[in-house]
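Okay, here's what each chain looks like letter by letter:
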Amino acid sequence: SSYGFAPDARPIEGATQPTEAETLQPGGSYRSSLPRAATRYYRLELDADSNAYVSATAVPRTDDKLSLSDGLKVSVRTPDGHSCSTQTARFGASGSPHPITASGAR
């Protein structure tokens, strides 16, 4: 891929359950792998007054076969599951593997 990740991006494993998610640090850059058709969780620790912005970029392999429905969804949720924001990005009709980005905020 010609996409360049931040040189200081720290590898992180996404959890399969919210209770197992590793905490992201403010200002940090991370790199993770997302299996096809899977959900992964990452944790933000915020007090009642803090806000945060997170984004995720999906970079498929150049030989990936993509469909209209393939994409990335980022959701920021409270500990009890209420949504603060959700954004979805899709690869689209072209079927060509290219980076896409979605973000969330509170």
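Residues numbered from 1 in each chain as written. Predicted model: local features only at pLDDT ≥ 70, side-chain atom pairs only at ≥ 80, totals over all residues. Heavy atoms only, no water.

**Comments concerning the overall build of the protein**
For step 1, the next point in the chain: When helices and strands are counted, the protein shows 0 helices and 6 strands.
For step 2, the next point in the chain: Counting from the amino terminus, the protein carries its helices and strands in the arrangement β-β-β-β-β-β.
For step 3, the next point in the chain: Here the C-alpha atoms of the protein give a radius of gyration of 14 Å, agreeing with the 13 Å that 2.2 N^0.38 yields for 106 residues.
For step 4, the next point in the chain: Taken over the C-alpha atoms alone, the protein extends approximately 45 × 30 × 20 Å along its principal axes.
For step 5, the next point in the chain: Counting only residues that meet the buried cut, the protein has 21% of its 106 residues in that class.
For step 6, the next point in the chain: For the protein, the accessible area works out to roughly 7,600 Å², and carbon and sulfur atoms hold 48% of it. (Helix = DSSP H or I, 4+ residues; strand = E, 2+ residues; numbered from the N terminus. Rg over C-alpha atoms; globule rule 2.2 N^0.38 Å. Buried < 20%, exposed > 50% of the residue type's maximum accessible area, 1.4 Å probe, protein only. Areas by Shrake-Rupley, 256 points an atom, 1.4 Å probe, with all protein chains shown as cover.)

**Re unusual backbone geometry**
For step 1, the next point in the chain: Backbone geometry places A37, a non-glycine residue, at a positive phi of 55°.
For step 2, the next point in the chain: Within the secondary structure, A37 is located in the loop between strand 2 (30-31) and strand 3 (53-58).

**A few points about the environment of A105**
For step 1, the next point in the chain: Mapped onto the fold, A105 is located in strand 6 (residues 100-105).
For step 2, the next point in the chain: Spatially, the C-alpha atoms of A105 and L46 are 12 Å apart, while their sequence positions differ by 59 residues.
For step 3, the next point in the chain: For A105, the contacting residues outside a window of four places in its chain are A52, Y53, V76, C84 and S85. (Contact = heavy atoms within 4.5 Å.)

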